[in-house]
Amino acid sequence: MKKLRIYARSCIEYVWLVSPRMRSLEVLQLRDGAYSFIATHADDERVRAAPFDAIEIELAALWRDFLPPSHAAEQCYDSW
């Protein structure tokens, strides 16, 4: 992933990959110049993810308003 190489060159220690479609949060940490997965969270978990592990995050809140593309199109047609 091109962005990860850029982040690594900039010494960004942690990266979160958030996917509303997959309902997942993947946490990566920079180690020896490359990113390693340190945690994967999904669905309705409550998580404390590095480097913000002092804060509990309710993942369900991230996907609450997300409609997958097929549902989003249906919603547009229903409003006509």
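All of the points below concern the structure found in this document. (Residues numbered from 1 in each chain as written. Predicted model: local features only at pLDDT ≥ 70, side-chain atom pairs only at ≥ 80, totals over all residues. Heavy atoms only, no water.)

## Re the sheet that holds strand S2 (residues 24-31)
Line of reasoning, step 1. Taken in spatial order, the 3 strands of this open sheet run S1-S2-S3, and their pairing is antiparallel. For this open sheet the edge positions go to strand S1 (14-19) and strand S3 (34-42), each flanked by a neighbour on one side alone. On average, each strand axis in the sheet is tilted by 20° relative to the strand beside it, whichever way the strands run.
Line of reasoning, step 2. Sheet analysis places S2 next to S3, joined by 8 bridges and oriented antiparallel. Along S3, the bridge assignment pairs Leu25 with His41. (Pairing = 2+ DSSP bridges. Helix = DSSP H or I, 4+ residues; strand = E, 2+ residues; numbered from the N terminus. Axes fitted to C-alpha atoms, helices over the stretch in contact; angles between N-to-C directions.)

## Here's the deal with the pairing of S1
Line of reasoning, step 1. Direction of pairing for S1 relative to S2: antiparallel, over a ladder of 6 bridges. Bridged to Trp16 within S2 is Val27.
Line of reasoning, step 2. Counted between consecutive antiparallel strands, the loop separating S1 from S2 contains 4 residues, among which Arg23 sits at a positive phi close to 55°.

## Notes on the packing of aromatic side chains
Line of reasoning, step 1. For the structure on display, the rule yields 1 aromatic pair.
Line of reasoning, step 2. Between the aromatic rings of Trp16 and Phe52, the centroid separation amounts to 5.7 Å while the plane-to-plane angle is 85°, which identifies the pairing as edge-to-face. With Trp16 in strand S1 and Phe52 in the loop between strand S4 (46-47) and strand S5 (57-58), the pair connects residues that are 36 residues apart, well separated along the chain.
Line of reasoning, step 3. Using a relative accessible area of 29% as the deciding quantity, one classes Trp16 as partly exposed.
Line of reasoning, step 4. You can call Phe52 partly exposed: its relative accessible area is 46%. (Phe/Tyr/Trp six-rings, centres within 6.5 Å; stacked < 30°, edge-to-face > 60°. Buried < 20%, exposed > 50% of the residue type's maximum accessible area, 1.4 Å probe, protein only.)

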